[in-house]
Amino acid sequence: MKDKFYQYIQDLQDTITSKLEAVDGKAKFRQDLWERLEGGGGRTRVIENGNVFEKGGVNISAVHGPLPKAMQTYFNVGDVDFFACGLSLVIHPKNPFVPTVHANWRYFEMYDKEGNLVNSWFGGGQDLTPYYLFEEDAKHFHQTCKTACDKHNPEFYTKFKQQCDDYFWNAHRNEARGVGGLFFDHCKATDSFSMENWYGFVTEVGNSFLEAYVPIVERRKDTEYTEENRTWQEIRRGRYVEFNLVHDKGTLFGLKTNGRIESILMSLPPHVQWVYDHHPEKGSEEEKLIEVLMKPVNWV
């Protein structure tokens with residue numbers, strides 16, 4: 001399974017980066033191959049200063065070795081070995097009317113000291129963070145997610161949409177990071193759903209990503225914007241940074257397992273503002289976004 005999924009994310013990385021380069025029309029992804037001292041490595045691809053994308057990364061990694069002490073405590077296990085692979089992406093467009101997007105699909109195995117597999121699971125998801133709310137965009141993103149889920153279980157979309165709303169919640173701000181999507185973790189084999197079934201589901205979601213996101217980019221990328229729109233985008237990006245550095249478990253896992261710092265912090269946008277006690281104008285488009293972020297919406 002680990003070899004099959006690792007091959008899948010390598011191919012998916014190629015598919016996604018090729019499509020995003022075509023959409024941008026100017027910038028190309030720069031590739032960085034890296035190795036982890038304790039075992040494994042990855043392939044980081046970053047795009048910067050394009051026509052459409054100000055900064056983005058589409059990264060894959062496959063790391064293995066003894067599970068670090070901090071993660072043993074987190075997983076409540078003893079001295080075990082692990083393997084983890086996944087694709088993680090964050091795209092920050094230049095235009096404030098184009099939303100930021102994040103996605104991640106991953107697979108994890110744990111072994112005893114004799115090398116026997118003792119646990120394995122899938123995780124992942126995809127979510128949208130707009131700076132200005134266009135309801136048709138949120139509905140399109142969620143409908144694409146729901147269509148992928150429904151092919152495997154009619155209950156998945158509702159369950160994983162709720163988990164996304166719960167996970168990407170900036171508790172110290174009492175607001176959502178964005179308009180959500182899907183989030184699932186510790187997806188393990190059961191009597192009715194095998195690891196092969198989970199592989200089929202996770203790859204279905206991964207394959208749906210471009211259909212979920214690219215039509216929104218194409219619809220908004222040439223919208224004219226003002227300096228005020230840009231300032232609002234940068235203030236909201238600050239909330240994105242806060243979530244990733246304070247709450248995000250993927251960031252924590254990377255830092256605790258001696259991951260590559262440049263790849264881990266790739267998700268951070270290049271231009272951000274923190275304005276003291278900032279509040280949008282009453283009745284403004286900016287306030288409209290905040291109202292939705294304070295109470296998650298059922299988009300489909």
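Basis of the calculations
Residues numbered from 1 in each chain as written. Predicted model: local features only at pLDDT ≥ 70, side-chain atom pairs only at ≥ 80, totals over all residues. Heavy atoms only, no water. UniProt positions renumbered as here; feature names shortened; annotations may be inferred. Helix = DSSP H or I, 4+ residues; strand = E, 2+ residues; numbered from the N terminus. Contact = heavy atoms within 4.5 Å. Buried < 20%, exposed > 50% of the residue type's maximum accessible area, 1.4 Å probe, protein only. Expected span 1.5 Å × (residues − 1). Phe/Tyr/Trp six-rings, centres within 6.5 Å; stacked < 30°, edge-to-face > 60°. Polar contact = N/O pair within 3.5 Å; in protein donor to acceptor, adjacent residues only side chain to side chain. Axes fitted to C-alpha atoms, helices over the stretch in contact; angles between N-to-C directions. Parallel < 35°, antiparallel > 145°, perpendicular 65-115°, else oblique. Nonpolar A, V, L, I, M, F, W, Y, C, P; charged D, E, K, R; others polar.

If you check an unreviewed UniProt entry, the chain appears there as coproporphyrinogen oxidase from Flavobacterium beibuense F44-8. Listed under Subunit (unreviewed entry) in UniProt, the entry text for the chain is "Homodimer." Recorded in UniProt for the chain, the comment headed Sequence similarities (unreviewed entry) runs: "Belongs to the aerobic coproporphyrinogen-III oxidase family."

S.K.: Looking at this model, I keep getting lost on the environment of L293. Mind explaining?
M.R.: Within the fold, L293 resides in helix α9 (residues 285-293). Placed 117 residues apart in sequence, L293 and A176 show a C-alpha to C-alpha distance of 4.9 Å. With residues near it in sequence (within four places) discarded, L293 still touches W169, E175, A176, R177, G178, V179 and R236.

S.K.: Where do I start with unusual backbone geometry in this structure?
M.R.: Most of the time, phi is negative for any residue but glycine, and the peptide bond is trans. Within the chain, N49 stands out as a residue other than glycine whose phi angle is a positive 55 degrees. Its location among the elements puts N49 in the loop between β2 (40-48) and β3 (53-66). With a phi angle near 50 degrees, D277 is a residue other than glycine that sits in the positive phi range. Along the chain, the position of D277 falls in the loop between α8 (261-264) and α9. In this structure D277 comes out as exposed when scored by relative accessible area, which is 56%.

S.K.: Help me understand the side chain of H140 in this model?
M.R.: Mapped onto the elements, H140 comes out in helix α3 (residues 135-150). Here H140 falls in the buried class, since its relative accessible area comes to 17%. Residues within four places of H140 in sequence aside, it is in contact with E211, A212, P215 and I216.

S.K.: It is not clear to me how α3 should be interpreted in this structure. Could you clarify?
M.R.: What sets the pattern is the α-helix's 3.6 residues per turn: residues three or four places apart point alike. The terminal C-alpha atoms of α3, which comprises 16 residues, lie 22 Å apart, in line with the 22 Å expected from a rise of 1.5 Å per residue. Summarising the contacts, the buried residues of α3 are in contact with β5 (100-111), β6 (117-129), α4 (156-167), β9 (180-187) and α5 (195-220).

S.K.: I would appreciate a short explanation of the packing of aromatic side chains in the present structure.
M.R.: The geometry of an aromatic ring pair is captured by two quantities: the separation of the ring centres and the angle between the planes. By the definition in use, this model includes 29 aromatic pairs. The interplanar angle of 75 degrees and the centroid separation of 5.2 Å between the aromatic rings of F5 and F122 together place this pair among those described as edge-to-face. Highlighted residues: F5 in helix α1 (residues 2-24) and F122 in strand β6, separated in sequence by 117 residues. With a centroid separation of 5.8 Å and 75 degrees between ring planes, the pair formed by Y167 and F243 is classed as edge-to-face. One end of the pair, Y167, is in helix α4; the other, F243, is in helix α6 (residues 227-246), with 76 residues separating them in the sequence.

S.K.: Quick question: what am I supposed to make of α6 here?
M.R.: The terminal C-alpha atoms of α6 lie 29 Å apart, and with 20 residues this matches the ideal 28 Å at 1.5 Å per residue to within 8%. Most of α6 is tucked away, with 15 of its 20 residues classed as buried. You can read the cap of α6 off the contacts: a side-chain oxygen lies 3.3 Å from the backbone nitrogen of E228, and it is on T226.

S.K.: Hey, could you run me through the packing of α3 against α4 in this one?
M.R.: Between two packed helices, the angle of one axis relative to the other and the distance separating the axes together describe the packing. At their nearest, the axes of α3 and α4 sit 8 Å apart, and the two run at 130 degrees to each other. Judged by the angle between their axes, α3 and α4 are oblique. Mapping the contact onto sequence places H142, C145, K146, C149 and D150 in α3 and F156, Y157 and K161 in α4. Looking at the contact of α3 with α4 residue by residue, the class counts come to four nonpolar, one polar and three charged.

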